[in-house]
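# Secondary and tertiary structure notes
These are the residues of each chain, in order.
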Amino acid sequence: SRDQVSYFGAGPAPLPTPVLEEASKVLLNYNDSGIGITEISHRSPEANAILAHTQASLRKLLDIPESEGPDGYQILFLQGGGSGEFSAVVYHMVSLWVGALAKKQQQGIDEAAKRMRLDYLVTGSWSLKASQEAARLIGAEHVNVITDARRCRDGKFGVIPSEDTYTRTGNNDDVALTYYCDNETVDGVEFPSTPSGQNLVADMSSNFLSRPVDVRQHAAIFGGAQKNVGTTGITIAIVSNRILPPHAEMADSKLLRKLGLSVGPIVLDWPTIAKNNSLYNTLPIFDVWIAGQVMQRLLEQAPGDKSPRIATQAAESNKKAELIYSVLDKHSEVYQVVPDKSVRSRMNICFRVKRGDADAEKAFLKGAEGKGLMGLKGHRSVGGIRASNYNAVSVAAVEKLVAHLEEFAKA
Ligand code: PMP
């Protein structure tokens, strides 16, 4: 049964049991209407209330500015997963950059557009994928990988190089995007602090709602819901008004095509989604409701107005991660943490058993499963062990894992 299992899957990931219990009721009958939540119209008053509640909760948790002016941020719900946003980001930031260029000059746009650059910080498998998608969409000549962490470590991820080594080229005005992945789910690498860069966009899919974020430093932040936030099916984007109409002018699609640049599908178009309050097309309201319930619980953990209200959860996440890392470090002859100490992820704790000895790792996993500790196998591309320490993983579950780590090391 659910009580007997502690689940450390990397995503989809565990959700709070009370939320799922309530979900099973509203699937049948939402608000005593006799209609299930997945059956109601996404344009109904009920759906609008759910949307507004989830947005308001997220604003409080992460202290997201609400104004309609340039300093405000929109909260969007999109579909297509984190991967869909790899593309959406490119379409949007390119259109924004070309839009600004066209406003400045009418002559010689073709020549000027050649200077446009998208800067990528490649610190793990997901930022690598995002940079590859950018190159696929607009051509590798516009994509500048300003750091590739593998170069510092025998071709493997596990460090975040210092900013003074980044190969930023040309004029700052030509940077349409600086992209980073705040937490690399596969490689267990997390940024200790926000990197700098023009038009900064972050993928926070695997550490969303696990610590405070300085939203104001970002043009946009996005993340799939299926780890810390909710069910698979929605992706949340927090987008600055500065990069949206009416505060910014997007490029005309004819001009983009003329310049040989891509025009994105409308369902990934941030201005369209923003203008329609995420209801351009059918939004999976159930997923938005789940996210709202998860956020509501986080707010209840942190009563009062002290902003950002996510600080309470952050303290718990840190504490759980420390419990696991300290036992791994204590038995360093048995366990080897994959990333460098300075960039260890609090969310995805990646380590090897006996330096990657296949039999030892198999035995570790088998022993864990026998105790109901599930989902610990590392990503297929890197192997090893990965304990994902998302918000719904309880301290008690972490303590069970710690006990297994101790016992296995001693055996
Ligand atoms: N970014 C990160 C950091 C991820 O961990 C993942 C998926 N695990 C993705 C992007 C891709 O998300 P999706 O599968 O929702 O497209």
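Criteria and cut-off values
Here the residue numbering is sequential within each chain, running from 1 through the sequence in written order. A pLDDT threshold of at least 70 governs which residues receive local features in this predicted model, and a stricter bar of 80 or more applies before side-chain atom pairs are shown or counted, although totals over entire chains, interfaces and linings include all residues. By definition, a residue lies near a molecule or strand provided its backbone-derived C-beta atom is within 6 Å of it. Comment: elements are numbered from the N terminus, with helices defined as DSSP H or I runs of at least four residues and strands as E runs of at least two. Each residue receives one of three labels: charged for Asp, Glu, Lys and Arg, nonpolar for Ala, Val, Leu, Ile, Met, Phe, Trp, Tyr, Cys and Pro, and polar for the others, Gly being one of them. For two strands to be treated as a pair, DSSP must find at least two bridges joining them. Each axis is a line fitted through C-alpha atoms, and for a helix only the stretch in contact is used; angles between axes span 0 to 180 degrees, taken between their N-to-C directions. Residues are treated as contacting if the C-beta atoms built from their backbones sit within 7 Å of each other. Handedness of a helix crossing follows the sense of rotation of the near helix relative to the far helix, less than a right angle counterclockwise being left-handed and clockwise being right-handed. Domain start and stop points were drawn from an automatic or database domain assignment. In this description, a nonpolar core means buried residues of the types Ala, Val, Leu, Ile, Met, Phe, Trp, Tyr and Cys, linked to one another by C-beta atoms lying within 7 Å. Neighbour counting defines burial: a residue surrounded by 20 or more other C-beta atoms within 10 Å of its own C-beta is buried, one with 12 or fewer is exposed, and intermediate counts give partly exposed, using backbone-placed C-beta atoms. Expected helix span is computed as 1.5 Å times (number of residues minus one). In this context, the arc is that of the directions from the helix axis out to the C-beta atoms.

### Focus: the site of the ligand
Around the ligand, the structure places Gly11, Gly81, Gly82, Ser83, Trp126, Cys181, Thr185, Asp203, Ser205, Ser206 and Gly224. Here the shell around the ligand takes three residues from helix α3 (residues 81-104), the largest share from any one element. Across the shell around the ligand, the residue classes tally to two nonpolar, eight polar and one charged.

### Let's talk about the sheet that holds strand β2 (residues 73-78)
Either a parallel or an antiparallel arrangement is found when strands of a sheet pair, and the pairing is made through backbone hydrogen bonds. Spatial strand order, β2-β10-β9-β8-β5-β3-β4: seven strands in an open sheet with mixed pairing. A single partner strand is all that each edge strand has here, and the edge strands are β2 and β4 (143-148). Across the sheet, the mean angle from the axis of one strand to that of its neighbour is 20°, orientation sign disregarded. Across the face of the sheet, α3 comes into contact with β2, β3 (117-122), β5 (175-181), β8 (200-203), β9 (220-224) and β10 (235-240) while running at roughly 160° to β5.

### Thoughts on the packing of helix α1 (residues 17-28) against helix α8 (residues 285-301)
Two numbers describe how α1 lies on α8: the axes approach to 10 Å, and their chain directions differ by 140°. Of the two possible hands of crossing, α1 and α8 adopt the one that is right-handed. Facing Val19, Glu22 and Ala23 of α1, the residues of α8 in contact are Ile290, Gln293, Val294 and Arg297. Grouping the constituent residues of the contact of α1 with α8 by class yields four nonpolar, one polar and two charged.

### With respect to the domain arrangement of the chain
Splitting the chain by domain gives domain 1 (45-292) and domain 2 (310-410). When each unit is reduced to the centre of its C-alpha atoms, the spacing between domain 1 and domain 2 is 30 Å. Between domain 1 and domain 2, the residue contacts involve 22 residues of the former and 23 residues of the latter. Looking at the side of domain 1 that touches domain 2, the elements with two or more residues in it are α2 (45-62) and β7 (189-190). When grouped by side-chain class, the residues that make up the side of domain 1 that touches domain 2 number nine nonpolar, nine polar and four charged.

### Observations concerning the nonpolar core
Ranked by size, the top nonpolar core spans 90 residues in total, and within it Met93, Tyr120 and Ala220 carry the most contacts. Core analysis: the second largest hydrophobic core is formed by 25 residues, Met347, Ile349, Ala368 and Leu405 among them.

### Some thoughts on unusual backbone geometry
Here the residue pair Gly11 and Pro12 is connected by a cis peptide bond, since its omega of 0° sits within 30 degrees of zero. Its location among the elements puts Pro12 in the loop between β1 (6-7) and α1. Of note, the bond from Pro245 into Pro246 is cis; its omega dihedral lies within 30 degrees of zero at 5°. Within the fold, Pro246 resides in the loop between β10 and α6 (253-258). Even without glycine at this site, Asp32 takes up a positive phi of about 60°. Following the sequence through the fold, Asp32 ends up in the loop between α1 and α2. On the neighbour-count criterion, Asp32 (6 C-beta atoms within 10 Å) is exposed.

### Observations concerning helix α10 (residues 358-370)
Spanning 13 residues, α10 covers 18 Å between terminal C-alpha atoms, matching the ideal 18 Å at 1.5 Å per step. Taken together, the buried positions of α10 are Glu361, Phe364 and Ala368. Seen end-on, α10 carries its buried residues on one side only, within an arc spanning 60°. The outward face of α10, more than 90 degrees from its buried face, is lined by the exposed residues Ala358, Asp359, Lys362, Lys366 and Gly370. Those residues of α10 that are buried are in contact with β12 (348-353), β13 (373-374), β14 (385-388) and α11 (395-410). Phi turns positive one or two residues past the end of α10, at Gly372, with a value near 80°.

### Description of the sheet that holds β14
Across the sheet, three strands lie side by side as β11-β12-β14; this open sheet has antiparallel pairing. Edge positions in the sheet fall to β11 (335-337) and β14, since each of these pairs with one other strand and no more. Looking at each pair of strands side by side, their axes are set apart by 35° on average, direction ignored. Direction of pairing for β12 relative to β14: antiparallel, over a ladder of four bridges. Looking at β14, one finds that Asn348 is bridged to Ser388. Where helix α9 (residues 311-330) meets the sheet, it contacts β11, β12 and β14, and its direction lies at approximately 15° from that of β12.

### Things to note about the pairing of β12
With six of six residues buried, β12 is to be regarded as a mostly interior element. Residues of β12 alternate between two faces, with Asn348, Cys350 and Arg352 on one and Ile349, Phe351 and Val353 on the opposite face, all of them buried. Sheet topology note: the β11/β12 ladder contains three bridges and is antiparallel. Considered in β12, the bridge of Gln336 is made with Arg352.

### Some points on α2
Taking 1.5 Å as the rise per residue, α2 with 18 residues should run 26 Å; its terminal C-alpha atoms sit 26 Å apart, in good agreement. For α2, the full list of buried residues reads Ala47, Ile50, Leu51, Thr54, Gln55, Ser57, Leu58, Arg59, Leu61 and Leu62. Elements in contact with the buried residues of α2: β2 and α8. Asp63 occupies a position one or two residues after α2 and carries a positive phi of about 55°.

### Quick word on the environment of Glu361
By the secondary structure assignment, Glu361 is in helix α10. Put simply, Glu361 and Val393 are 32 residues apart on the chain and 22 Å apart in space, counted from C-alpha to C-alpha. Not counting chain neighbours up to four residues away, the residues in contact with Glu361 comprise Val353, Gly384 and Ile385.

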